[in-house]
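Read off the chains here:
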Amino acid sequence: DFLAALGAMKFTTSDGVVLHFTDSAPDGQAEGTLLWIHGMMNSLSYWTDCISDFSHYRHLCLDLAGHGGSGGRGGNAELGRWGKDVAE
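S.K.: I'd like to hear about the sheet that holds strand β4 (residues 58-62), residue by residue, with values.
M.R.: Strand order in the open sheet formed by 4 strands is β1-β2-β4-β3, and the pairing between neighbours is mixed. Two strands bound the open sheet, and with one partner strand each, they are β1 (9-12) and β3 (33-37). Sheet twist, expressed as the average angle between the axes of neighbouring strands with direction ignored, equals 30 degrees. Here β1 pairs with strand β2 (residues 18-23) via 4 bridges, running antiparallel. Along β2, the bridge assignment pairs methionine 9 with phenylalanine 21.

S.K.: Outline the environment of tyrosine 46, supporting the account with residue identities and numerical values.
M.R.: Its location among the elements puts tyrosine 46 in the loop between β3 and α2 (48-51). Taking relative accessible area as the criterion, tyrosine 46 reaches 49% and is therefore assigned partly exposed.

S.K.: An account of a nonpolar patch on the surface is requested, with residue identities and associated values reported.
M.R.: On the surface, a nonpolar cluster with roughly 220 Å² of combined accessible area is contributed by Leu35, Ile37 and Val86. Position of isoleucine 37 relative to the elements: it lies in strand β3. Classification of isoleucine 37 as partly exposed rests on a relative accessible area of 33%.

S.K.: Which residues make up the pattern of salt bridges, and what values go with them?
M.R.: Taken as a whole, this structure holds 6 salt bridges when the rule is applied. Residues arginine 81 and aspartate 15 are paired through a salt bridge, measuring 3.6 Å at the closest nitrogen-oxygen approach. Highlighted residues: arginine 81 in helix α3 (residues 77-87) and aspartate 15 in the loop between β1 and β2, separated in sequence by 66 residues. One salt bridge connects arginine 58 with aspartate 23, and the closest N-O pair in it is separated by 2.6 Å.

S.K.: Residue-level account of the pairing of β4, with values.
M.R.: Within a regular strand, the side chains alternate between the two sheet faces. Of all 5 residues that make up β4, 4 are buried, and the element is covered over most of its length. Sheet topology places β2 next to β4; 3 bridges connect them, and they run antiparallel. Within β4, the position partnered with phenylalanine 21 by the bridge is leucine 62. In this sheet, β4 lies alongside β3 in parallel orientation, the contact comprising 5 bridges. Bridge pairing links leucine 35 to leucine 60 in β4.

Scoring rules and cut-offs
- Residues numbered from 1 in each chain as written.
- Predicted model: local features only at pLDDT ≥ 70, side-chain atom pairs only at ≥ 80, totals over all residues.
- Heavy atoms only, no water.
- Pairing = 2+ DSSP bridges.
- Helix = DSSP H or I, 4+ residues; strand = E, 2+ residues; numbered from the N terminus.
- Axes fitted to C-alpha atoms, helices over the stretch in contact; angles between N-to-C directions.
- Buried < 20%, exposed > 50% of the residue type's maximum accessible area, 1.4 Å probe, protein only.
- Patch = residues over 30% accessible without salt bridge, like charges linked within 9 Å, V, L, I, M, F, W, Y side chains within 5 Å.
- Areas by Shrake-Rupley, 256 points an atom, 1.4 Å probe, with all protein chains shown as cover.
- Salt bridge = Lys/Arg side-chain N within 4 Å of Asp/Glu carboxyl O.

So, to be careful, I would describe these as geometric facts and stop short of saying anything about function.
Printed below as a string of structure tokens:
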């Protein structure tokens, strides 16, 4: 599928959590960029069916901390930190 073809990439946040993401155009060569962020209890694979409708865009798909292939912090620390993770 489309997301599997993108391959996994990793990023370490400022507090040491490893986040999993995919990037359809790491060189930035695309018409624009769409950032796909899933909701609670999901992962970046949630967007698989949507992405093909926007094939001319760059797609950044992120597994939030504690979801999918990303590491976690445990407890309630996740919710308050997700916005900062995305900004990093």
